[in-house]
Amino acid sequence: MTKNLGNARHTPAKAQQVSALGKVAPALFPLVVAALGYMIGRQFFGI
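Quick caveat: nothing in here was measured; it's all calculated off a predicted structure.

What counts as what
- Residues numbered from 1 in each chain as written.
- Predicted model: local features only at pLDDT ≥ 70, side-chain atom pairs only at ≥ 80, totals over all residues.
- Heavy atoms only, no water.
- Helix = DSSP H or I, 4+ residues; strand = E, 2+ residues; numbered from the N terminus.
- Buried < 20%, exposed > 50% of the residue type's maximum accessible area, 1.4 Å probe, protein only.
- UniProt positions renumbered as here; feature names shortened; annotations may be inferred.
- Patch = residues over 30% accessible without salt bridge, like charges linked within 9 Å, V, L, I, M, F, W, Y side chains within 5 Å.
- Areas by Shrake-Rupley, 256 points an atom, 1.4 Å probe, with all protein chains shown as cover.
- Salt bridge = Lys/Arg side-chain N within 4 Å of Asp/Glu carboxyl O.

K.L.:
Can you help me understand the overall build of the chain in this one?
P.N.:
Each helix and strand counted, the chain has one helix and zero strands in total. Across the 47 residues that make up the chain, the buried fraction comes to 2%.

Set out below in structure tokens:
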């Protein structure tokens, strides 16, 4: 459906409330993955 029939109702997007954790989580994700990889590597491979 590419034709615009003009009957769609425009609803303005609400401002989303993003918590501090929501802002920080993407930055911490690689750090968490690296820490888990390190701990698992130490446990199983004796690194």
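Still more ground to cover, so stick around.
K.L.:
I keep staring at the UniProt feature "transmembrane region" (unreviewed entry) in the chain and nothing clicks. Help me out?
P.N.:
If you check UniProt for "transmembrane region" (unreviewed entry), the listed places come out as residues 20-41 in our numbering. The distance separating the terminal C-alpha atoms of residues 20-41 is 31 Å; by composition the span is 100% helix and 0% strand.

K.L.:
Can you help me understand a nonpolar patch on the surface in this one?
P.N.:
Residues Val24, Leu28, Leu31, Val32, Leu36, Tyr38, Met39, Ile40, Phe44 and Phe45 make up a contiguous nonpolar surface patch of roughly 1100 Å² in combined accessible area. With respect to the secondary-structure elements, leucine 28 resides in helix 1 (residues 20-45).

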